[in-house]
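# Coordinate analysis (summary)
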Number of protein chains: 2
Amino acid sequence: MSVTIYDVAERAGVSTATVSKTLSNTPYVSEKTRRKVLQAVAELGYRPSAVARSMAQGRTHTLGCIAPNLTDYTFASMIEGAHAEARRRNYFVLTGSAEEAADVKPLLEEMLARQVDGLLVINPHVDARSEFVRPLVEQGLKVVFLSPSRRTSSVLSVSCDNTTGGYQATRYLLGLGHHRIATIVGPGNEAWTLERLAGYRKALLQQGIAFDPDLVSRGDWTPESGYRCVHELLDGGRDFTALFAQNDKMALGAIRALRERGLDVPGDVSVVGFDDIPLARYFDPPLTTLHQPLQSFGEHAARLLIRAIGEPDRAQESLSLAAELVIRESCAPPSRPSLSRR
Amino acid sequence: MSVTIYDVAERAGVSTATVSKTLSNTPYVSEKTRRKVLQAVAELGYRPSAVARSMAQGRTHTLGCIAPNLTDYTFASMIEGAHAEARRRNYFVLTGSAEEAADVKPLLEEMLARQVDGLLVINPHVDARSEFVRPLVEQGLKVVFLSPSRRTSSVLSVSCDNTTGGYQATRYLLGLGHHRIATIVGPGNEAWTLERLAGYRKALLQQGIAFDPDLVSRGDWTPESGYRCVHELLDGGRDFTALFAQNDKMALGAIRALRERGLDVPGDVSVVGFDDIPLARYFDPPLTTLHQPLQSFGEHAARLLIRAIGEPDRAQESLSLAAELVIRESCAPPSRPSLSRR
DNA sequence: ACGGAATAGTTAAGCGCTTTCCTATTATTT
DNA sequence: AAATAATAGGAAAGCGCTTAACTATTCCGT
């Protein structure tokens, strides 16, 4: 049906080995032969089968990528970065989403069945100690995590310094004069949540302000949850003049809730988000937030992974890129004295 | 290195053919043998190689999907839907992005080299008449387009009825009493733009209002462009009491620009968007927009494609799902008489 | 009890490449 | 001019599955 390497070999009057060598730029093919082969390739419209090549080489030039979903801007950006870098290096990325922890295993199985050469993991349900991943790593599969994780020498990871990010956000609010700073966090077991919260606590501590668990409200990254959290905080009588939402979507939901309660942003409550999604600058008010180079995460991750595949014995390294505070208009100095100051 | 079908066959004391048949549920394998095989599989942790299977069967159980990018919510949703449906049917989706028309060809080539069984196309630069796609379709490759396209019997497509969507948006504004309705459109050569604009014109016409090209401003789907368009419209002295932005992101940019010019939404200008992205209900004001079942598009597309692959001779069909107007708070009756009414 | 179906399992030929040996030719050195 | 090295090209053995074709066994009905 389709044209194979045999057709090309025949047409060029050489063996399939020579065709293969020509196409893979192996030395020791004369210029004359090379030309003949190339011409036959062009004439027949030959396109080597990646499947057959994978079969013969035992490498698929494919990276598996697993994320909770494909629609969240942060995941999508990292994936896009990984795709771009992979393609530049002649790899492809096979993406799959697994929202629930239980979906991870079957997805992983299928990716392995497809013989991916390495794995990119954005999923919070999976880390280096996970029961699924550990045996694979031990068997030599290269994995890079696109989430904060303890640096270990056996595993690669690329991520933003979330702790410093959380610290910067809080520090900024503190600098503006706020003392009662509420925070809306993500699901409790996710590294992103934990690190950003740690940064928040660190900034507070440094300023001599006691950490108040009542000022922490748990969301799930959705705007709905941000909205709900603010109402809960307010219904619970919590007093605060600033709010650090661990992502922009929750920040937006929070702003709406604040308005509904008659609170002006930033007049009555300052808000800072995290991620700097493209719409954040068009929010009302434009959102002050922490910009993460998401696309770069993906690019670096793919680069590191591909290198690890090529040089299996190289020491694994982890990368941590900085988040950058983008100041817009959602923050202001506190206008009313906070209760904590009496 | 990894365990193959030979290892399983040996362990179970049968031939590889029997193992293969057992695993693919071919009839005529005794219960006893089946059990032996399954046990050997379990004991060895055997995982069939999808690559070898593809090689032998000539089918990869992989769908190629090409979109302009992976981060736009609309594309990502369709892709996610396609992924989900594909996995349910034992397929995988290999995604690639090509923003520029020139990037499409190499991407397509690579996907074909990877022997995708079918193609999902979300890219506006590619349609059924495209020079890249036509020969492939003629060679029997199954393709489904996830964009509006003329129904032809040789090609599948799934999309929203964009014309009716544009019509509904405009109709709604007209019903509120608006007569001077500006519109911000997408790039001129994209089917989405064209259809939504056609719907807009149809609604106007039906109401006996002449189409005024001066009220049409061209954006590129980004919030920045929506922002710019409004300023241009206003700088050009265009008078309008309502605005139909062809997507939510441009609508958000437009709202910001309107505010900057001292215009209240919906007090002075009503705005309607298109897409109903998750954040739209949290915009200020919550955006009235057309909801598209994006995920469903992707699911249907994958389903149709897989069916077409399985039954190559079946007549191709196209699906058009309806967009639904979601009324929120960004529209109101006009408060000032529009110039056109003198 | 016998012939033909139905059932169970095996053999072996691919699928389209890559790659390791080999052999043959040409260039270089002494 | 002979020995050696460098360069060119080919033969053939896989890679790990599937599947057509075939053989062997069991089960019927008559």
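Residues numbered from 1 in each chain as written. Chains lettered and ligands numbered in written order. Predicted model: local features only at pLDDT ≥ 70, side-chain atom pairs only at ≥ 80, totals over all residues. Heavy atoms only, no water.

### Here we look at the sheet that holds strand E7 (residues 216-218) of chain B
All names here are of chain B. In spatial order, the strands read E7-E6-E8-E9; together these four strands make up an open sheet with parallel pairing. Across the chains shown, the open sheet's two edge strands, defined by having one partner strand only, are E7 and strand E9 (270-272). With direction set aside, neighbouring strand axes in the sheet form an average angle of 20°. As judged from the three bridges shared by strand E6 (residues 181-185) and E7, these two strands associate in the parallel manner. Residue pairing for E7: isoleucine 184 is matched across the bridge by serine 217. Along the sheet face, helix H8 (residues 162-175) touches E6, strand E8 (242-245) and E9 and points at about 170° away from the line of E8. Sheet strands touched by helix H10 (residues 223-235): E6, E7 and E8. Its angle to E7, the strand with the most contacts, is close to 140°. (Pairing = 2+ DSSP bridges. Helix = DSSP H or I, 4+ residues; strand = E, 2+ residues; numbered from the N terminus. Axes fitted to C-alpha atoms, helices over the stretch in contact; angles between N-to-C directions. Contact = heavy atoms within 4.5 Å.)

### Remarks on empty space enclosed by the protein
A complete count under the given rule lists five cavities of 30 Å³ or more for this structure. Put simply, the largest cavity is a space of about 280 Å³. What lines the largest cavity is a set of 15 residues, and nearest its centre among them are A:Val51, A:Thr62, A:Arg114, B:Thr62 and B:Arg114. Within the residue set of the lining of the largest cavity, elements represented by two or more residues are helix H4 (50-57) of chain A together with helix H4 (50-57) of chain B. Taken together, the residues of the lining of the largest cavity break down into seven nonpolar, six polar and two charged. In this structure, the second largest cavity occupies an estimated 110 Å³ of space. As for the second largest cavity, its lining consists of 14 residues, of which A:Tyr282, A:Phe283, A:Asp284, B:Phe283 and B:Asp284 are closest to the centre. Mapped by element, the contributors of at least two residues to the lining of the second largest cavity are helix H11 (248-260) of chain A together with helix H11 (248-260) of chain B. A per-class count over the lining of the second largest cavity returns eight nonpolar, no polar and six charged. (1 Å grid on protein atoms, 1.4 Å probe; cavity = no way out; pocket = protein on both sides within 12 Å on 5 of 7 lines; lining within 4 Å. Points joined across faces, edges and corners; volume = space filled by probe spheres on them. Nonpolar A, V, L, I, M, F, W, Y, C, P; charged D, E, K, R; others polar.)

### Section: the packing of aromatic side chains
All names here are of chain A. Using the criterion set out here, one finds eight aromatic pairs over all chains in the structure. An angle of 85° between the planes, with centres 6.3 Å apart, marks the rings of tyrosine 200 and phenylalanine 211 as edge-to-face. Separated by 11 residues along the polypeptide, tyrosine 200 in helix H9 (residues 191-206) and phenylalanine 211 in the loop between H9 and strand E7 (216-218) bring together distant segments of the chain. Note on tyrosine 200: relative accessible area 1%, which makes it buried. Exposure remark for phenylalanine 211: the relative accessible area of 26% places this residue in the partly exposed category. We note lysine 202 situated over the ring of tyrosine 167; from NZ or CZ to the ring centre the distance is 4.7 Å. (Phe/Tyr/Trp six-rings, centres within 6.5 Å; stacked < 30°, edge-to-face > 60°. Buried < 20%, exposed > 50% of the residue type's maximum accessible area, 1.4 Å probe, protein only. Lys NZ or Arg CZ within 6 Å of the ring centre and 35° of its normal.)

### Topic: the interface of chain B and chain A
Residue-level contacts link 53 residues of chain B with 53 residues of chain A. Counting each side, the surface lost to burial between chain B and chain A is near 4600 Å², with a carbon and sulfur contribution of 60%. Summed over the three residues of chain B that lose the most area to chain A, namely B:Phe92, B:Arg114 and B:Tyr282, the buried surface amounts to 17% of that side. Applying the counting criterion to the chain B and chain A interface returns eight salt bridges. Notably, a salt bridge pairs B:Arg87 with A:Glu110, separated by 2.6 Å at the nearest N-O pair. Inspection of the chain B/chain A interface yields 19 residue pairs in polar contact (both at pLDDT 80 or more). At the level of elements, H4, helix H5 (73-88), strand E2 (92-97), helix H6 (101-113), H10 and H11 of chain B are the ones that each hand at least two residues to the side of chain B that touches chain A. Residue composition of the side of chain B that touches chain A, by class: 26 nonpolar, 15 polar and 12 charged. (Buried area = accessible area lost by both parts, 1.4 Å probe. Salt bridge = Lys/Arg side-chain N within 4 Å of Asp/Glu carboxyl O. Polar contact = N/O pair within 3.5 Å; in protein donor to acceptor, adjacent residues only side chain to side chain.)

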